[in-house]
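Architecture at a glance
Here's the letter readout for the chains.
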Amino acid sequence: MRQTIIAGNWKMNKTNDEAVELIQGLLGHEGDGEKVRMIVCPPYTALCDISRAINGSKIYLGAQNVYFEESGAYTGEIAPSMLLTIGVSYVIIGHSERREYFSETDQIVNDKVRLALKSGLIPIVCVGEVLEDRENGKTEEVVGAQIDGSLKGLNGDQMKKVVIAYEPVWAIGTGKTASPEMAQDVHRFIRDRLKNNFGDVAEKISILYGGSMKGSNAAELIAQPDIDGGLIGGASLKAEEFLKIINAV
Ligand code: PGA
């Protein structure tokens, strides 16, 4: 049985006070944290206070980014150890917004994933095609190359700890969701690729869908055999909306 994960990516939203208010609305609704795991990924500035707020609960804490060096003269960057010591367990790596606006390549994603794993963080590695790729029939080519490049050099033991998020870029924040069948096709393709690259561990890896997931479409997406949860942006910013997704699964 793969773990179902519902992760909220708050992106560059919520001041510290707003973040604490949001988490208060989620506490107590997270279930046992095993069958369905709730993760919240606030901005860096709110991580400490959210970490304190969820202490003793079954909500898990994620960061939205991390650097690929352990320490040093990298102004503005944050190392894995800094996240771990304040109670962060997960980190989103290679989100399409990082790839697009901050020029993150598969190589950079791979460097980040390797240091995150070595440090003890669980990476949520994002892949996904842009609209033009899809329209040109290049979805598998693009997503396959991202999977290969982002996870290059990892072994099966390391892969057991990795979470993948398939996020078609054209569906992020646009209100356009991939149909459950469309998403399932790519999730299956990703799992086959993981199997090809890493062997049977592929069956144990949770692959999340992201891109305009909300309470009204979460159940049918997650009912697909290879969709193991969601990475949610917009609908994670209000407790009641996020809980609709949690309740739907
Ligand atoms: P969205 O964002 O749910 O607002 O489409 C998803 C994501 O970017 O992780």
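Above this note sits the structure.
Read on for a plain summary of the structure.

1. Things to note about the packing of helix 10 (residues 215–222) against helix 11 (residues 239–248)
Direction vectors running N to C along helix 10 and helix 11 enclose 30 degrees, while the axes themselves pass 8 Å from each other. Classified by the angle between their axes, helix 10 and helix 11 sit roughly parallel to one another. Helix 11 is crossed by helix 10, and the crossing has right-handed handedness. In this structure, helix 10 contributes Gly215, Ala218 and Ala219 to the contact, and helix 11 contributes Lys244, Ile245 and Ala248. For the contact of helix 10 with helix 11, the residue count by class is four nonpolar, one polar and one charged.

2. Structural notes on the packing of aromatic side chains
Enumeration according to the criterion identifies four aromatic pairs in this entry. Relative to Tyr90, the ring of Tyr60 has its centre 6.3 Å away and its plane inclined at 85 degrees; by these criteria the two rings are edge-to-face. You can see Tyr60 sitting in strand 3 (residues 60–63) and its partner Tyr90 sitting in strand 4 (residues 90–93), a full 30 residues away along the chain. By the ring-pair criterion, three or more aromatic residues cluster together here, those being Tyr67, Phe68 and Tyr74. Just above the ring of Tyr60 sits the side chain of Arg37; from NZ or CZ to the centre is 3.8 Å.

3. Some points on the layout of surface pockets
The calculated volume of the largest pocket comes to roughly 420 Å³. Around the largest pocket, the lining comprises 15 residues; the ones closest to its centre are Lys11, Met12, Gln64, Arg98 and Phe102. In terms of residue count, the dominant contributor to the lining of the largest pocket is helix 4 (residues 96–101) (three residues). Split into classes, the residues belonging to the lining of the largest pocket amount to seven nonpolar, five polar and three charged. When its volume is computed, the second largest pocket comes out at roughly 250 Å³. Forming the boundary of the second largest pocket are 22 residues, of which Lys11, Gly173, Ser212, Gly233 and Gly234 lie nearest the centre. When its residues are assigned to classes, the lining of the second largest pocket shows seven nonpolar, eleven polar and four charged.

4. Focus on the sheet that holds strand 8 (residues 229–232)
Sheet architecture is closed into a barrel: eight strands sit in the order 1-2-3-4-5-6-7-8, paired in parallel fashion. Neighbouring strand axes in the sheet, compared pairwise and without regard to direction, differ in orientation by 25 degrees on average. Note that strand 5 (residues 122–127) and strand 6 (residues 163–166) share four bridges and pair parallel. Across the sheet, Val125 pairs through a bridge with Ile164, a residue of strand 6. The strands touched by helix 9 (residues 180–198) within the sheet are strand 5, strand 6 and strand 7 (207–210), with strand 7 carrying the most contacts at an inclination of about 145 degrees. Running at roughly 170 degrees to strand 1 (residues 4–9), helix 11 makes contact with strand 1, strand 2 (36–41) and strand 8 of the sheet.

5. Considering the pattern of salt bridges
This structure, assessed with the given rule, holds 22 salt bridges. A salt bridge links Glu203 to Arg2; the nearest nitrogen and oxygen atoms lie 3.7 Å apart. Residue Glu203 is found in the loop between helix 9 and strand 7, and its partner Arg2 is found in the segment before strand 1; the two are separated by 201 residues along the sequence. Between Lys11 and Glu97 there is a salt bridge, with the nearest N and O atoms lying 2.8 Å from each other. In this pair, Lys11 is assigned in the loop between strand 1 and helix 1 (16–26) and Glu97 in helix 4, connecting sequence segments 86 residues apart. Here Glu97 falls in the partly exposed class, since its relative accessible area comes to 25%.

6. Structural notes on helix 10
Turning to helix 10, its buried residues are Asn217, Ala218, Leu221 and Ile222. Projection of helix 10 onto a plane perpendicular to its axis shows the buried side chains occupying an angular sector of 125 degrees, all on one side.

7. Things to note about the pairing of strand 1
Where burial is concerned, most of strand 1 is hidden: six out of the six residues are buried. As for the winding sense of the linkage, the β-α-β connection from strand 1 through helix 1 to strand 2 is right-handed. In this structure, strand 1 lies alongside strand 8, joined through four bridges in parallel fashion. Paired with Ile6 across the strands is Gly230, a residue of strand 8.

The rules behind each value
- Residues numbered from 1 in each chain as written.
- Predicted model: local features only at pLDDT ≥ 70, side-chain atom pairs only at ≥ 80, totals over all residues.
- Heavy atoms only, no water.
- Axes fitted to C-alpha atoms, helices over the stretch in contact; angles between N-to-C directions.
- Helix = DSSP H or I, 4+ residues; strand = E, 2+ residues; numbered from the N terminus.
- Parallel < 35°, antiparallel > 145°, perpendicular 65-115°, else oblique.
- Left-handed = near helix turned anticlockwise from the far one by under 90°.
- Contact = heavy atoms within 4.5 Å.
- Nonpolar A, V, L, I, M, F, W, Y, C, P; charged D, E, K, R; others polar.
- Phe/Tyr/Trp six-rings, centres within 6.5 Å; stacked < 30°, edge-to-face > 60°.
- Lys NZ or Arg CZ within 6 Å of the ring centre and 35° of its normal.
- 1 Å grid on protein atoms, 1.4 Å probe; cavity = no way out; pocket = protein on both sides within 12 Å on 5 of 7 lines; lining within 4 Å.
- Points joined across faces, edges and corners; volume = space filled by probe spheres on them.
- Pairing = 2+ DSSP bridges.
- Salt bridge = Lys/Arg side-chain N within 4 Å of Asp/Glu carboxyl O.
- Buried < 20%, exposed > 50% of the residue type's maximum accessible area, 1.4 Å probe, protein only.
- Arc of directions from axis to C-beta.
- Right-handed = clockwise from strand over helix to strand, strands pointing away.

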